[in-house]
Amino acid sequence: MPRLEGKTAIITGASSGIGRAAALLFAREGAKVVVTARNENALAALAEEIAAIGGEAAILAGDVRDESLHEALTKLAVRRFGGLDAAFNNAGVLGAMGEISSISAEGWRETLDTNLTSAFLAAKYQVPAIAAGGGGSITFTSSFVGHTAGFAGVAAYAASKAGLIGLVQSLAVELGARGIRVNALLPGGTDTPANFANLPGAAPETRGFVEGLHALKRIARPEEIAEAALYLASDGASFVTGSALLADGGASVTRV
Ligand code: NAP
């Protein structure tokens, strides 16, 4: 039995990487998906791919920093598919990086707006729709960075990702009685454009360094992280809420 049969899910950051892999996996597991990111062409290509495997996707391009996008996404899920059961709020950026004195207030705010405030805005509109259907699941993509490991030069990113865990804990308690589970998913290094090793201009040895941070001595494929997102969205995780689920290849416990 497909694990999301009859469910509708919103997935943000679906034009690339983890969000794209999750959209395909959720659709393969029976979910109708509402996918968003700024790159509309990539969303259209994704929707075609989903249709080709027999799934259904609605696309809406926009910037997760805009409150109106989140309201429109939830309305689209309800209008097109009859309700909302799950959300994978996954869009994010590494954002402003560098030694603390070099980070501008604007860069800091942009990073926090994209990674953290967007999550609040998403939940604000998703919660009433999920509650109206009797409950469901909300997952936010955080990171082991800022939770179990500190790295120099990523203060804004780490603060934004740690902030998501506070948001999750509060919402899990606030929404549990309404049958809404809320969790954070903490990937390790994943082979997407957002990985340090894949940044333009990254030194060739950076990849080996990033791989070595993990007990498994490699980084993840986006599809492996999507499996963890599927688990949190599905009834298989029916007693999991308020958690910070590590899918980090052992990066959090590796010291040498
Ligand atoms: P990615 O391939 O670069 O995907 C990032 C996604 O977020 C894209 O779809 C991008 O779409 C979207 N996005 C970024 N800024 C946005 C904005 N302002 N408005 C709307 N959408 C926006 O990287 P990824 O690795 O899959 O990242 C997914 C999540 O995993 C992020 O939250 C990231 O921080 C987290 N994460 C990644 C790693 C890693 O090593 N890759 C590790 C831990 C956590 P558009 O550009 O089309 O808007």
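That block above? That's the structure.
Residues numbered from 1 in each chain as written. Predicted model: local features only at pLDDT ≥ 70, side-chain atom pairs only at ≥ 80, totals over all residues. Heavy atoms only, no water.

Here's the deal with the side chain of Ser 142
Among the secondary structure elements, Ser 142 is positioned in the loop between strand S5 (136–141) and helix H5 (155–175). Separated by 2.8 Å, the side chain of Ser 142 and the backbone oxygen of Lys 161 make a polar contact. Leaving out residues up to four positions away in the same chain, Ser 142 has contacts with Lys 161, Leu 164, Ile 165, Ala 184, Leu 185, Leu 186 and Pro 187. (Helix = DSSP H or I, 4+ residues; strand = E, 2+ residues; numbered from the N terminus. Polar contact = N/O pair within 3.5 Å; in protein donor to acceptor, adjacent residues only side chain to side chain. Contact = heavy atoms within 4.5 Å.)

Observations regarding the packing of helix H1 (residues 17–28) against helix H2 (residues 40–52)
Packed helix pairs are specified by the crossing angle of their axes together with the interaxial distance, meaning the distance between the axes. At a minimum axis distance of 10 Å, the contact between H1 and H2 shows a crossing angle of 25°. In terms of orientation, H1 lies roughly parallel with respect to H2. The two elements H1 and H2 meet at a crossing, and its hand is right-handed. Residue-level inspection shows Arg 20, Ala 23, Leu 24 and Ala 27 of H1 in contact with H2, the latter providing Ala 45, Leu 46, Glu 49 and Ile 50. Here the residues of the contact of H1 with H2 sort into six nonpolar, no polar and two charged. (Axes fitted to C-alpha atoms, helices over the stretch in contact; angles between N-to-C directions. Parallel < 35°, antiparallel > 145°, perpendicular 65-115°, else oblique. Left-handed = near helix turned anticlockwise from the far one by under 90°. Nonpolar A, V, L, I, M, F, W, Y, C, P; charged D, E, K, R; others polar.)

Some remarks on the nonpolar core
Grouped together as the largest cluster of nonpolar side chains are 32 residues, with contacts concentrated most on Ile 11, Phe 26, Val 33, Val 35, Ile 50 and Phe 88. For this core, the elements supplying multiple residues, two or more each, are strand S1 (8–12), H1, strand S2 (32–36), H2, strand S4 (86–89) and helix H7 (222–233). Of the residues forming this core, the biggest block, eight residues, is contributed by H1. Among residues more than four places away in sequence, those in contact with Phe 88 are Ile 10, Ile 11, Thr 12, Ile 18, Ala 22, Phe 26, Thr 139, Thr 141, Leu 185 and Ala 229. Core analysis: the next-biggest nonpolar cluster, separate from the first, contains 30 residues, Leu 76, Ala 123, Leu 171 and Val 182 among them. (Core = buried A, V, L, I, M, F, W, Y, C linked by side-chain atoms within 4.5 Å. Buried < 20%, exposed > 50% of the residue type's maximum accessible area, 1.4 Å probe, protein only.)

Topic: the site of the ligand
Taken together, 31 residues surround the ligand, and among them Ser 15, Ser 16, Ile 18, Arg 38 and Thr 192 come closest. Backbone polar atom of Val 64 to a nitrogen atom of the ligand: 2.9 Å apart, as the coordinates give it. At 2.8 Å from an oxygen atom of the ligand is found a main-chain nitrogen or oxygen belonging to Thr 190. Of the pockets mapped on this structure, the ligand occupies the largest pocket. Of all the elements in the fold, those that place two or more residues in the shell around the ligand are H1 and H5. (Near = heavy atom within 4 Å. 1 Å grid on protein atoms, 1.4 Å probe; cavity = no way out; pocket = protein on both sides within 12 Å on 5 of 7 lines; lining within 4 Å. Sits in = over half its atoms within 2 Å of the grid points.)

Details of the pattern of salt bridges
Tallying each qualifying case throughout the model produces twelve salt bridges. Lys 32 is the salt-bridge partner of Glu 56, the closest N and O atoms lying 3.9 Å from each other. With Glu 56 in strand S3 (residues 56–59) and Lys 32 in strand S2, the pair connects residues that are 24 residues apart, well separated along the chain. Residue classification places Lys 32 among the partly exposed positions, given a relative accessible area of 32%. (Salt bridge = Lys/Arg side-chain N within 4 Å of Asp/Glu carboxyl O.)

Points about the packing of aromatic side chains
Taken as a whole and assessed by the stated rule, the structure comprises two aromatic pairs. Ring geometry for Phe 144 and Phe 151: centres 6.1 Å apart, planes at 85°, overall edge-to-face. Among the residues examined, Phe 144 registers a relative accessible area of 6% and is labelled buried. (Phe/Tyr/Trp six-rings, centres within 6.5 Å; stacked < 30°, edge-to-face > 60°.)

Examining the layout of surface pockets
Within this model, the largest pocket holds a volume of roughly 1,100 Å³. If you list the elements that add at least two residues to the lining of the largest pocket, you get H1, helix H4 (105–132), H5 and helix H6 (205–212). It is H4 that provides the largest number of residues to the lining of the largest pocket, a total of four residues. The class makeup of the residues in the lining of the largest pocket is 21 nonpolar, 24 polar and five charged. (Points joined across faces, edges and corners; volume = space filled by probe spheres on them.)

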